[in-house]
Amino acid sequence: GKTVIITGANSGLGFGLSVEVAKRGGHVIMACRSQIPEAGEKVKQLSGSEKVEMQKFDLSRIDSIHNFCDGLVTAKIKPDVIILNAGVALPNARKTESGLEQMFLVNYLSNVMLTNIMFSKGIVDLKNSDKTFKPRIIFISSDSHQGSSFIDYDEFGIFEPYGTSKAIANYSYFKLILNTYATELSRRINKAKVEIGINVICPGPVHSNIIKEAPWLLRMVLGSIFKVIFRSPAKASLPVVYMSVSEDYEGKTNEYLHMFKNKKMDPKIYIPEEGEKLWKRSMELWKSVDPMAQSILD
């Protein structure tokens, strides 16, 4: 009976999550930029549920984030669970229409925008009357963030060309930034008590199509490894579903789960000064690329 928004739901882990949530009787909102309505129809077929809908959502476009949230307000949708799964792994730097680099925007800053707009517009209810289940926001991350460098604010949000080796490093680095934001968001939202569970999970290595834009040879090599070592989206979705609805996470926030194992994130993530600085710089950057940001943050 829960309403669950899943970003990047048309393929890979997001698709697997959509099937698993629908199987369990959830109302699934698949937020994605392509395969509409084909992916949704396939989820209905595999899950045996009709409680599945698709919404156009492109995290590389700031206007799409606003339009998606406006649609939720119009439809009076207040999700119980939001799974921030969408992400990209690119072979080189790409500039979006906002001037921001695509992997930085999609994997990090768009999630900052989305969560803040949802709070500002009351889509996520901070005073949920249903005391038996408070809303949950789950950030899909990667344990590869462990050991990434401190956030470099000299290059934060600045477009710089890069190639494949830097792209691979950036994927892990942006996950560290995302986890730091999730921790700071939890710190700010849940000051006196837990109003919303804001948690992070690494579902383990997933055999998905995230490498679809890698160079051909690298794609062939990684694809072979994925098939042998990586987990299927269906299997990888199970710990995420667990974190989404289990009573074990009721009243808990800023938890990190690596598959089914409780862990700590990289120690840098928990430094309050780092979280505060990231928040300040992220909001400044958002305002610089989005004319609507000021009114939302006010």
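To be clear, the structure that these remarks concern was listed above.
These numbers were taken from a predicted model, which means no experiment stands behind them. (Residues numbered from 1 in each chain as written. Predicted model: local features only at pLDDT ≥ 70, side-chain atom pairs only at ≥ 80, totals over all residues. Heavy atoms only, no water.)

**Student:** Sorry if this is basic, but what is going on with the state of the cysteines here?
**Tutor:** Two cysteines form a disulfide when their sulfur atoms are joined by a covalent bond. Counting across every chain of the model gives zero disulfides. Unpaired in this structure, C32 has its nearest cysteine sulfur neighbour in C69, at a distance of 15 Å. For C32, a relative accessible area of 2% translates into the label buried. (Disulfide = S-S within 2.5 Å. Buried < 20%, exposed > 50% of the residue type's maximum accessible area, 1.4 Å probe, protein only.)

**Student:** Looking at this model, I keep getting lost on the packing of helix α5 (residues 164-189) against helix α8 (residues 272-289). Mind explaining?
**Tutor:** Geometrically, a packed helix pair is captured by the angle between its two axes and the distance between the axes. Relative to each other, α5 and α8 sit at 100°, their axes nearing to 9 Å. For the element pair α5 / α8, the angle class is roughly perpendicular. Note on element contacts: α8 touches α5 through P272, E274, G275, E276, L278, W279 and M283, opposite I177, T180, Y181, E184, L185, R187 and R188. Tallied by class, the residues present in the contact of α5 with α8 amount to seven nonpolar, two polar and five charged. (Axes fitted to C-alpha atoms, helices over the stretch in contact; angles between N-to-C directions. Helix = DSSP H or I, 4+ residues; strand = E, 2+ residues; numbered from the N terminus. Parallel < 35°, antiparallel > 145°, perpendicular 65-115°, else oblique. Contact = heavy atoms within 4.5 Å. Nonpolar A, V, L, I, M, F, W, Y, C, P; charged D, E, K, R; others polar.)

**Student:** Whenever I open this one, helix α3 (residues 62-74) confuses me. Can you help?
**Tutor:** Owing to its 3.6 residues per turn, the α-helix brings residues three or four apart onto one side. End to end, α3 covers 19 Å across 13 residues, agreeing with the expected 18 Å (1.5 Å per residue, within 8%). Within α3, the full set of buried residues consists of I62, S64, I65, H66, F68, C69 and L72. On the buried face of α3, the contacting elements are β1 (3-7), β2 (27-32), β3 (52-56), α4 (102-120), α8 and α9 (293-297). (Expected span 1.5 Å × (residues − 1).)

**Student:** It is not clear to me how the nonpolar core should be interpreted in this structure. Could you clarify?
**Tutor:** Membership of the largest hydrophobic core comes to 62 residues, with the highest contact counts inside it found for F68, Y108, L109, M118, F139, F156 and Y181. Looking at which element gives the most residues to this core, the answer is α4, with 12 residues. Each residue touching M118, except ones within four places of it in the same chain, is listed here: I5, F68, C69, L72, I82, I123 and V124. Residues L13, V28, I138 and V206 belong to the second largest nonpolar core, which totals 29 residues. (Core = buried A, V, L, I, M, F, W, Y, C linked by side-chain atoms within 4.5 Å.)

**Student:** Any chance you could explain the pattern of salt bridges here in plain terms?
**Tutor:** Side chains that carry opposite charge are capable of pairing whenever their charged atoms lie near each other. This model, assessed by the stated rule, comprises 14 salt bridges. Two residues, R281 and E284, come together in a salt bridge whose shortest N-O distance is 3.9 Å. Note that R281 and E284 are positioned in helix α8 at a spacing of three residues, about one turn of the helix. Using a relative accessible area of 38% as the deciding quantity, one classes E284 as partly exposed. One network of salt bridges, in which partners are shared, links E20, K23 and R24. (Salt bridge = Lys/Arg side-chain N within 4 Å of Asp/Glu carboxyl O.)

**Student:** Would you mind showing me how to read the packing of aromatic side chains here?
**Tutor:** The geometry of an aromatic ring pair comes down to the distance between the two centres and the angle between the two planes. A complete count under the given rule lists 12 aromatic pairs for this structure. Summarising the aromatic geometry, the rings of F57 and F68 are spaced 4.5 Å apart at their centres and angled 35° between planes, so their arrangement reads as tilted. Placement of the pair is F57 in the loop between β3 and α3 and F68 in helix α3, with a sequence separation of 11 residues. Take F57 and F68: they sit in the same class, and that class is buried. Geometrically, the ring pair formed by Y181 and W279 is stacked, given 5.6 Å between the ring centres and 15° between the ring planes. Note that Y181 is positioned in helix α5 and W279 in helix α8, a separation of 98 residues in sequence. Exposure class is identical for Y181 and W279. Each is buried. In this structure an aromatic cluster arises from ring pairing among F104, Y108, F139, Y153, F156, Y173, F174, Y181 and W279. (Phe/Tyr/Trp six-rings, centres within 6.5 Å; stacked < 30°, edge-to-face > 60°.)

**Student:** Could you clarify how one ought to interpret the pairing of strand β5 (residues 136-140) in this entry?
**Tutor:** Side-chain positions along a regular strand alternate between the two faces of the sheet. Burial runs high along β5: five of the five residues are buried. Taking every second residue as pointing to the same face, both faces of β5 are buried, with R136, I138 and I140 on one and I137 and F139 on the other. Looking at chain direction, β5 and strand β6 (residues 197-202) are connected through five bridges and run parallel. Across the sheet, F139 pairs through a bridge with V200, a residue of β6. With α5 bridging β5 and its parallel neighbour β6, the resulting β-α-β unit is right-handed. (Pairing = 2+ DSSP bridges. Right-handed = clockwise from strand over helix to strand, strands pointing away.)

**Student:** Even after reading the chapter, I still don't get the side chain of S244, so can you show me in this structure?
**Tutor:** As for its placement among the helices and strands, S244 is situated in helix α7 (residues 233-245). A polar contact is formed between the side chain of S244 and the backbone oxygen of V240, at a distance of 2.7 Å. Excluding anything up to four places from it in sequence, S244 contacts V81, I83, F133, R136 and I138. (Polar contact = N/O pair within 3.5 Å; in protein donor to acceptor, adjacent residues only side chain to side chain.)

**Student:** Help me understand the environment of S288, please; the structure alone is not making it clear to me.
**Tutor:** With respect to the secondary-structure elements, S288 resides in helix α8. Considered as a pair, S288 and S98 are 190 residues apart in the sequence and their alpha carbons are 9.6 Å apart.

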